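Chain by chain, the residues run as shown.
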Amino acid sequence: MNGGLVRLREILDDITPSERKVAEFILQHPADMIGMSIAELARQSGGSQAAVIRLCKSMGFKGYQELMLKVAGDLQGGKEPQGYQEIQPHDSVETIIQNVSNNNIQSIRDTVKILDASMVAMAVEEMHKADRLYFFGLGASNLIAQDAQHKFLRINKTSFSFTDPHLQLTSAVMLTSQDAAIGISYSGETEYAIASLKAAREAGATTISITKYGHSTLSAIADIPLFISSTENEIRSGAMASRITQLNIIDILYLGVASRNYDNSVTYLEKSRAIIHDVKGQR
């Protein structure tokens, strides 16, 4: 049981100032908070007991005990990573190789800590049952949607993704209760993704979101919210580590669905591989 420190870092910008005092104290002194009462933590952090309780709720925890157990689990896992590294002027190629690779690796590891396995299982089940899958996303998230469509088509799962946001909206209103719609947006606040997923839900489709951890409009709309971790600062527009974690979630969902009907999935994969090989278009 871990992931407390990751969750705290992810929601720092979305909580009240009093909650942030408590969160920053825990991040700076994680070992010290273990065993503290709510009153002690409030006094040491300069916050209040109410702020501690609100922080636990903001993190989706049942109470303070769960927060403490999550942080304790992080400490048992070894030394916390050094954090995400941004590009600096005149970085060497060797430094860039190490920083980009370490950022991607850390994003995936942090996502594993906060990913709710029960929600993933629900998403896999709904996607497996669905007649059609629709993936909605703009910009870098649309690349994730296209990758998802490509993967699921190769196991004969009817899937769609559209680069045109108007086509995303148009298709969303045509969905039925037999379909599943997956909205992809790191921020969870992309207007077209929100509108598309909302329309899909109103049409009766099962809705799934893939967003950063915390409260967002897109995750609130989804029947099944899935969360990723990726603390990107100055190079946010590059969507670097967040793209890797989104792709990782898609791979998890894809293999989850494929394993539900393993023999058929293997047959379809072999067919698609054979036709691509026959026309000399090997990947």
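Residues numbered from 1 in each chain as written. Predicted model: local features only at pLDDT ≥ 70, side-chain atom pairs only at ≥ 80, totals over all residues. Heavy atoms only, no water.

Draft legend 1. Spotlight on the pairing of strand E5 (residues 224–228). Most of E5 sits out of view: five of its five residues are buried. Alternating residues of E5 divide into Ile-224, Leu-226 and Ile-228 and Pro-225 and Phe-227, and every residue in both groups is buried. Bridge count for strand E4 (residues 206–212) against E5 is five bridges, and the pairing is parallel. Paired with Lys-212 across the strands is Ile-228, a residue of E5. (Buried < 20%, exposed > 50% of the residue type's maximum accessible area, 1.4 Å probe, protein only. Helix = DSSP H or I, 4+ residues; strand = E, 2+ residues; numbered from the N terminus. Pairing = 2+ DSSP bridges.)

Draft legend 2. Representation of helix H10 (residues 165–172) within the structure. Within H10, burial applies to Gln-168, Ser-171 and Ala-172. Here the buried residues of H10 occupy an arc of 100° about the axis, which is enough to place them on one side. Next to the buried residues of H10 lie strand E1 (132–136), helix H9 (140–153) and helix H11 (191–202). (Arc of directions from axis to C-beta. Contact = heavy atoms within 4.5 Å.)

Draft legend 3. Looking closely at the sheet that holds E4. Reading across from one edge, E2-E1-E3-E4-E5 is the order of the five strands in this open sheet, with parallel pairing throughout. Of all the strands in the sheet, the pair left with one neighbour each is strand E2 (159–161) and E5. On average, adjacent strands in this sheet sit at an angle of 15° to one another, irrespective of strand direction. (Axes fitted to C-alpha atoms, helices over the stretch in contact; angles between N-to-C directions.)

Draft legend 4. Structural view of the side chain of Arg-7. The residue Arg-7 is located in helix H1 (residues 4–11) in this model. Despite its burial, Arg-7 pairs with no opposite charge; the closest candidate is Glu-66, at 6.8 Å N-O. Among all residues touching Arg-7, those that are not within four sequence positions of it are Asn-2, Met-59, Phe-61, Lys-70, Lys-113, Ile-114 and Tyr-213. (Lys, Arg positive; Asp, Glu negative; His and termini not counted. Salt bridge = Lys/Arg side-chain N within 4 Å of Asp/Glu carboxyl O.)

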